[in-house]
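This is what each chain is made of:
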Amino acid sequence: MSQKSARKAPSLLDWGLIGPAIGGAFTKLSPRLMVKNPVMFVTMVGAILTTIAGFTARMDRGFIGQLAVWLWFTVLFANFAEAVAEGRGKAQADSLRKARKETMARRLQDGREEKIPATELLKGDLVVCEAGDVIPADGEVIEGIASVDEAAITGESAPVVRESGGDRSAVTGGTRVISDRIVVRVTMEKGHGFLDRMIAMVEGAKRQKTPNEIALTILLSALTVIFLLVCVTLKPFGIYSNADLSIPVLIALLVCLIPTTIGGLLSAIGISGIDRLIRRNVLATSGRAVEAAGDVDVLLLDKTGTITLGNRMATAFLPAPNIKPEHLADAAQLASMADETPEGRSIVVLAKEKFGLRGRGVAQLRAKFVPFTAQTRMSGVDFPASNVKPARSIRKGAVDAIRLHVDRLGGRFPSAVTRTVDNISRSGGTPLVVVDGREVLGVVQLKDVIKGGINERFAHLRKMGIKTVMITGDNPLTAAAIAAEAGVDDFLAQATPEAKLKCIREEQALGHLVAMTGDGTNDAPALAQADVGVAMNTGTQAAREAGNMVDLDSNPTKLIDIVEIGKQMLITRGSLTTFSIANDVAKYFAIIPAMLMATFPAIAPLNIMRLHSPASAILSAVIFNALVIIALIPLALRGVSYKPVGALAMLKRNLLIYGLGGVAVPFVGIKLIDVIISGLKLV
Amino acid sequence: MHTSGWIELAFFVGALVLITKPMGLYLMRVLDAKGKTRLDPLLKPLERLTYRLMGVKPDEEQDWKRYTFAMLLFSLVSCLFTYAILRLQLLLPLNPQRFGPMPPDLAFNTAVSFTSNTNWQNYGGESTLSYFSQMVGLAFQNFVSAGVGIALAAALVRGIARHSSRTLGNFWVDLVRTAYYLLLPICLVFAVFLVSQGMIQNFNPYTKARLIEPYQLPVEKKDDKGGTVLDASGRPVMDEQTVNEQIIAQGPVASQVAIKMLGTNGGGFFNANASHPFENPTPLSNFIQMLAILSIGSGLTYYLGRMVKNQKHGWSVWSAMVVLFLAGVLLAWWAESTGNPIHQRLGVVASDGNMEGKEVRFGIFNSALFATITTDASCGAVNSMLDSFTPLGGFVPLFNIQLGEIIFGGVGAGLYGMIVFVVLAVFIAGLMVGRTPEYLGKKIQAYDVKMAMLALLVLCLSILGFSAWAAVSQWGLAGLNNSGPHGLSEILYAYSSGTGNNGSAFAGLAGNTPWYNTTLGLAMLIGRFLMMVPIMALAGSLARKKVAPASSGTFPVSGGTFIALLLGTVLLIGALSFLPALALGPIVEHFLMIHGRLF
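Along every chain, residues carry numbers that run from 1 in the direction the sequence is written. Throughout, the order in which chains and ligands are written sets their labels, letters from A for the former and numbers from 1 for the latter. For a predicted model such as this one, the threshold for reporting local features is a pLDDT of at least 70, and the threshold for listing and counting side-chain atom pairs is 80 or more; totals across whole chains, interfaces and linings nevertheless cover every residue. Calculation of side-chain values draws on the structure's entire complement of heavy atoms; hydrogens and water are dropped beforehand.

## Topic: the pattern of salt bridges
Pairs can form between side chains of opposite charge once their charged atoms are near each other. Formally: Here a salt bridge means any side-chain nitrogen of Lys or Arg lying within 4 Å of a carboxyl oxygen belonging to Asp or Glu. For helices the rule is a DSSP run of H or I covering at least 4 residues; for strands it is a run of E covering at least 2, with both sets numbered from the N terminus onward. Buried, partly exposed and exposed residues are distinguished by accessible area as a fraction of the type maximum, computed with a 1.4 Å probe on protein chains only: under 20%, between the cut-offs, and over 50%, respectively.
Per the stated rule, a full pass over the model turns up 32 salt bridges over all chains. A salt bridge links aspartate 125 of chain A to arginine 107 of chain A, with the shortest nitrogen-to-oxygen separation between them at 3.2 Å. Highlighted residues: aspartate 125 of chain A in the loop between strand E2 (112-117) and strand E3 (126-130) and arginine 107 of chain A in strand E1 (residues 104-109), separated in sequence by 18 residues. Under the relative-accessibility criterion, arginine 107 of chain A is labelled buried at 15%. Note that glutamate 47 of chain B is salt-bridged to arginine 177 of chain B, the shortest N-O span being 3.3 Å. One end of the pair, glutamate 47 of chain B, is in helix H2 (residues 40-54); the other, arginine 177 of chain B, is in helix H7 (residues 171-196), and 130 residues separate them in sequence. Within this structure, Arg106, Glu113, Glu130, Asp133, Glu143 and Arg181 of chain A form a network of salt bridges that share partners.

In structure tokens:
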């Protein structure tokens, strides 16, 4: 999962972070903040009541005082966990904020340039940026091409190209133009820009609870209410039984029973989930998106760049009947001479390797290069007629384009070539038909190169219960062959933006949650429709707006990491909830006998941990309850490890560790604490 | 713990397994408005006629709100109907003993009790109620309150099984079909069987029998005005009275008992309930009655599996129930066979364990088994006196009720109670597979959690709240026959039984006082109807959801891991909330008994 550009995770024992977090633990005691977390709010009220009881009590003041101290610690530890998680984000936000310096913008007004502060820019304004200028706001390049240093947001020092039109037109406020001049139309006003949102996200300032977090909070609150009821009614039951159950002891029982562990760590888990994404250079616009990533069960992956290496390579020349291979190779090489695409270059190289044909310059041949256009869907070269030779027109292109071309010239498309084309397609190659005038010379076979290790990755995904769908512009035959070779579950061939959108809608109608990546403006509808839409940072502004995540590294493979991070966050949440609830068993065995011992000494056998005294038993349970929050902070921040082994195996493993473990651990922990505090004669 | 007990237990579980599938398949037909049964030629015209008379359009389905409203409205009207009969029984036919009207508080308690399928009885049937009251006022409720429970379970299961649907079925259709096709035919056969075992079924006035051995009874001497005559030291003067005849109560017993068991109502015709020879004549009638209590609850788990097209899930839920059932039986049986250590120290030979309050013809095992079953389900019929059980033996029925009677449970109520726990188990542990929780492909979201927890909260609030109030109030303590922890158990048991709609009692509590009648009545209403609303809301919410197709990443809702998880959730979430109160009741009492103190 590691990425070269991943930001380093701060160590858990970074004093630069812990210092402010300790302060944060206290400032978070404000009731206005506390009330958002009902579990910890109840704990704090309990701490206050116990403190008051400690001051007013005539007996056991030492014991009640210690209870109060540890109840306060429980609250503070929970606040501390949240503060640490936020602190890790803040450190990153600070480095981002440096990029958001006050800049002056060069606004174009009726063709004239004027200098105004960037903060006064409005949506729709045009600004000029030249080498050395900081781009004042998010926008779209409408004129020119420039290389831009985006290190401020991506941490990547290599500059990227931004140009008008096409899919690389978006620029981000705060990045710097290194060369050339561009005109940018502002799409986001200051304060709502990409960088601003990124900072807000990282800091967790505008963090809203995700749907599952809300549901979990309801469960925890309801449990708190139930246990409150249990402890409140215990007082009258005690009166009936002539057992004097003091308020501090009932509060101790209450705090031990309500799920303080998960209640204290819940927000830290959420914050650190987003933090883990950011360290992989993925920016989520909401926690909701991270949660949805865990649920995703269909991944739409672009073939190019994700499944295959970016470029297809020419691998064979397959001539038409009665044509010599050399002849085909020569024509193909000529047609590709000025073709700067990697495919074109690979044809030149192959011709040289196979038949020793040397590349020739277009100018030297006095030929005219015909570039690929969307209308003709062919490229090639035209030689003017000369004394020696008649005019020649060589074209290469996809089979249906060439067939049309040949038909129009009155030629015949040999059936043998059709067969060759089909064979190539079926084997996952891309056929490129070469034609000289109206004579079909043969086919150049281009092949996709599947990325190493991608097969295993898909197998993993399948184990996780995730279906992979390859999206490609190739024809169905080619697509099927590549899909089989790469090991994806399904493919969408000859994909248009509309087809992508339809595919997503269909999967969603079946109840699936779909994730996809995209960069172009025409991907925007699909990105918006997908449950998790990851836009590439190199993409257009439209794409970045439509998706709910942006990958700053523009690496489509990262979708898989994102899903894993989402899952990890959910697992951590579930595991700690289970652990927290399971803890109650041991706490009952510590506190209940201790509470009743004075009135009913016969209940002693129920003290199965053989705790020293009633006071030490109750105090040990409270101390354990507080310390377990601190002990689990690293786990909450790091996340429970995730292995793609299938739901049942994972459930078994986590139930064993956090369910059974949650029952067993506190027995040991409480006993240990009891031995220590009774050894120190604290009670 | 004799071998005969083990053999009978094996037979019982075997019989339960055997009837589960046929019952489940039959429920599939009954609870499908268009389902076909062999009884159609006979009952279809009657069914159609009923709809016409009620003005019900059987094809029209209801959403959860309308379904719930119909259910509540029906329960209210039928409750008032029963109340009226109890108050007016003197004016109504079939009252050979000329019983007067029931007092208002007792009539409220009784009407609520039978409407809510609780059948808590603060009265003695043979000394209070006319045959008409029994048959029309109460037996009618035995049928329809069972029908309401089954209808609710069916609506919830439909909510799980359907997707993107607003409706959950038609309450009136479910009620009518359940009564006509399921309860009436089975009860008819069952009642005939019971008569064959010696159970009575008549409208005769009570019979007087001359005793072969008349006996003397000390009674307080009364003066002319009816006051007690006191001696010099202020104690009442006692007279010897000779008793030489016995009144033997009669009545249409078999027909009442059949539905009392099948519908998990539990309200006895006689005060002594299923320990009365006329209400439970033979070991075979005892066995079949116990089986009848669990039959529909068990069949409903199969219905669940069928409906959601995951039979393994149905059987897994069933297995979790059986594990809890066996644990309860074994604990109660062990506690009762071990008996009272104080008796043993005194040299009393009680080789058979604690026989106090038990029928000799049933013995330890059948009493413990019956007590466990009647509280696993929300039946509440008893064939022994729970108040006389050992502390741990009595702990089992109390604990069973407090779990929410989800071990097969009351007809319908058991299943929907268990599904609440399934939803919670899935929600808590579901996250651990790395997805937001889903139950059979449906996302469990904030609203669903809220409704599920609300149902639990209602149970807790009513049981603990009322018990705590009674435990420290004058009226509460006045009803106690026993002091100390045992007294607390009695109070706790009363409100648990009322809220859980069980109806059995730790009979040491004198509950027929205005305070107890009213608070227990409220507990029964809360436990039934405040539970129903959130569960119906849950059903409505689940029905509206889309279903995510299953994959290897889907949370498994069958198999050993799921069963263990469900058990863990039931015990942790369901039981832990009552543990402190139980500690002050039966648990402390147990330890005190070991140290030689009784209450």
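We are not done yet, so read on.
## Concerning the pairing of strand E19 (residues 514-518) of chain A
All names here are of chain A. To keep things clear, this is the line we draw: For two strands to pair, DSSP has to find at least two bridges joining them.
Among the five residues that make up E19, five are buried, leaving the element largely enclosed by the rest of the structure. Bridge analysis of strand E10 (residues 298-302) against E19 gives three bridges, and the strand direction is parallel. Bridging from a neighbouring strand, leucine 299 pairs with alanine 515 of E19. Note: E19 against strand E20 (residues 532-536), four bridges, orientation parallel.

## What to know about the side chain of serine 130 of chain B
Residues and elements named next belong to chain B. Put simply, the rule reads: Only heavy atoms matter for contacts: two residues are in contact if any of them lie within 4.5 Å across the pair.
Tracing the backbone shows serine 130 in the loop between helix H5 (125-128) and helix H6 (131-161). Of the residues examined, serine 130 reaches a relative accessible area of 1% and is grouped as buried. Setting aside anything within four residues of it in sequence, one finds serine 130 in contact with Gln89, Pro93, Leu94, Asn95 and Phe99.

## Description of helix H18 (residues 497-509) of chain A
Residues and elements named next belong to chain A. For clarity, the cut-off: A helix is expected to span 1.5 Å for every residue after the first. The arc in question is the one traced by the directions running from the helix axis out to the C-beta atoms.
Taking 1.5 Å of rise per residue, the 13 residues of H18 would be expected to cover 18 Å, and the 18 Å separating its terminal C-alpha atoms lies within 8% of that figure. Of all the residues in H18, the buried ones are Lys500, Leu501, Cys503, Ile504, Glu507 and Gln508. Take H18 and look down its axis: the buried residues cluster within an arc of 160°, on one side only. Residues Glu498, Lys502 and Ala509 are exposed on H18 and point more than 90 degrees away from its buried face. Buried residues in H18 make contact with E10, strand E17 (467-471), strand E18 (490-492), E19 and helix H19 (524-529).

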